[in-house]
Amino acid sequence: MKKTAGPALNQEKRPLKPCPHCHGAGFVQSMFYQLRCDNCEASGVVCKETGESLAMDDLVIQLRIRLNDRSQQLRSLRKQLAELRGGESGRGYGAGGSRYHGD
Ligand SMILES: [Zn+2]
């Protein structure tokens, strides 16, 4: 399969996997330095199907999609957590829950 460098930049989420060269870190450790991993363009991910790095434009899109996903996930988890806390304690740490007490 050829690396797609054409105009077909599609905004769909495509399956990625951790780069086998740097194990998803995006860099490799040399004796003294951390060197950017050229295998994955320092992204830490490669195409799951081809095992090749993504074109830079495509990479930005794919990572942005994932970032948005995570942000949404985080928001939803925070909401669930707030609801759980509210339900369990009943003591009402306040709607914002900004204060955290260890006990
Ligand atoms: Zn890599």
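Being a predicted model, the structure only gives us computed values, none of them experimental. (Residues numbered from 1 in each chain as written. Predicted model: local features only at pLDDT ≥ 70, side-chain atom pairs only at ≥ 80, totals over all residues. Heavy atoms only, no water.)

Looking now at the overall build of the chain. From N to C terminus, the chain includes one helix and four strands. Scanning the chain from its N terminus toward the C terminus, one meets helices and strands in the order β-β-β-β-α. In the form shown here, the chain has an accessible surface area of approximately 8,300 Å², with 53% of it arising from carbon and sulfur atoms. (Helix = DSSP H or I, 4+ residues; strand = E, 2+ residues; numbered from the N terminus. Areas by Shrake-Rupley, 256 points an atom, 1.4 Å probe, with all protein chains shown as cover.)

Taken together, Cys19 (SG), Cys22 (SG), Cys37 (SG) and Cys40 (SG) make up the protein donors of the zinc ion, found 2.3 Å from the metal. Mapped onto the sequence, the donors of the zinc ion take the spacing C-x2-C-x14-C-x2-C. Note that cysteine 22 is positioned in the loop between strand E1 (16–18) and strand E2 (27–29) and cysteine 37 in the loop between strand E3 (34–36) and strand E4 (45–47), a separation of 15 residues in sequence. Across the pair, cysteine 37 and cysteine 22 agree in class, each one buried. (Donors = N, O, S within 2.8 Å, 3.2 Å for Na, K, Ca; no water. Buried < 20%, exposed > 50% of the residue type's maximum accessible area, 1.4 Å probe, protein only.)

To continue, consider the side chain of arginine 66. Its place among the elements puts arginine 66 in helix H1 (residues 56–89). We note that arginine 66 is buried and unpaired, the nearest opposite charge coming from aspartate 69 at a distance of 6.6 Å. Not counting residues up to four positions away in its chain, the partners in contact with arginine 66 are Lys13, Arg14, Pro15 and Leu16. (Lys, Arg positive; Asp, Glu negative; His and termini not counted. Salt bridge = Lys/Arg side-chain N within 4 Å of Asp/Glu carboxyl O. Contact = heavy atoms within 4.5 Å.)

The subject of this paragraph is the pattern of salt bridges. Using the criterion set out here, one finds four salt bridges in the structure. Connected through shared salt-bridge partners, Arg36, Asp38 and Glu41 make up one network.

For the rest of this paragraph, the subject is a nonpolar patch on the surface. On the surface, Met31, Phe32, Tyr33 and Leu35 cluster together into a nonpolar patch covering about 560 Å² of accessible area. Of note, tyrosine 33 is situated in the loop between E2 and E3. (Patch = residues over 30% accessible without salt bridge, like charges linked within 9 Å, V, L, I, M, F, W, Y side chains within 5 Å.)

Right, let's talk about unusual backbone geometry for a bit. At glutamate 41, a position not held by glycine, the phi torsion is positive, near 60°. Tracing the backbone shows glutamate 41 in the loop between E3 and E4. Exposure remark for glutamate 41: the relative accessible area of 26% places this residue in the partly exposed category. Positive phi, close to 65°, is recorded for alanine 42, a residue that is not glycine. Taking the relative accessible area as the measure of exposure, alanine 42 reaches 34% and is therefore partly exposed.

What follows concerns the environment of glutamate 41. A sequence separation of 15 residues divides glutamate 41 from methionine 56, and the C-alpha atoms of the two residues are 7.9 Å apart. Glutamate 41 has contacts with Arg36, Ser53, Leu54, Met56 and Leu59, leaving out every residue within four places of it along the chain.

Here we take up the confidence of the model for the chain. Mean pLDDT over the chain works out to 85, with 75% of the residues at or above the 70 mark. Looking over the chain, one finds the lowest element-wise mean pLDDT in H1, namely 92, and the highest in E1, namely 97. (pLDDT = per-residue confidence, 0-100.)

Bringing the environment of serine 53 into the picture now. Within the secondary structure, serine 53 sits in the loop between E4 and H1. On the basis of relative accessible area, serine 53 is assigned to the buried category, the value being 11%. Along the backbone, serine 53 and leucine 16 are 37 residues apart, and their C-alpha atoms lie at a distance of 9.4 Å.

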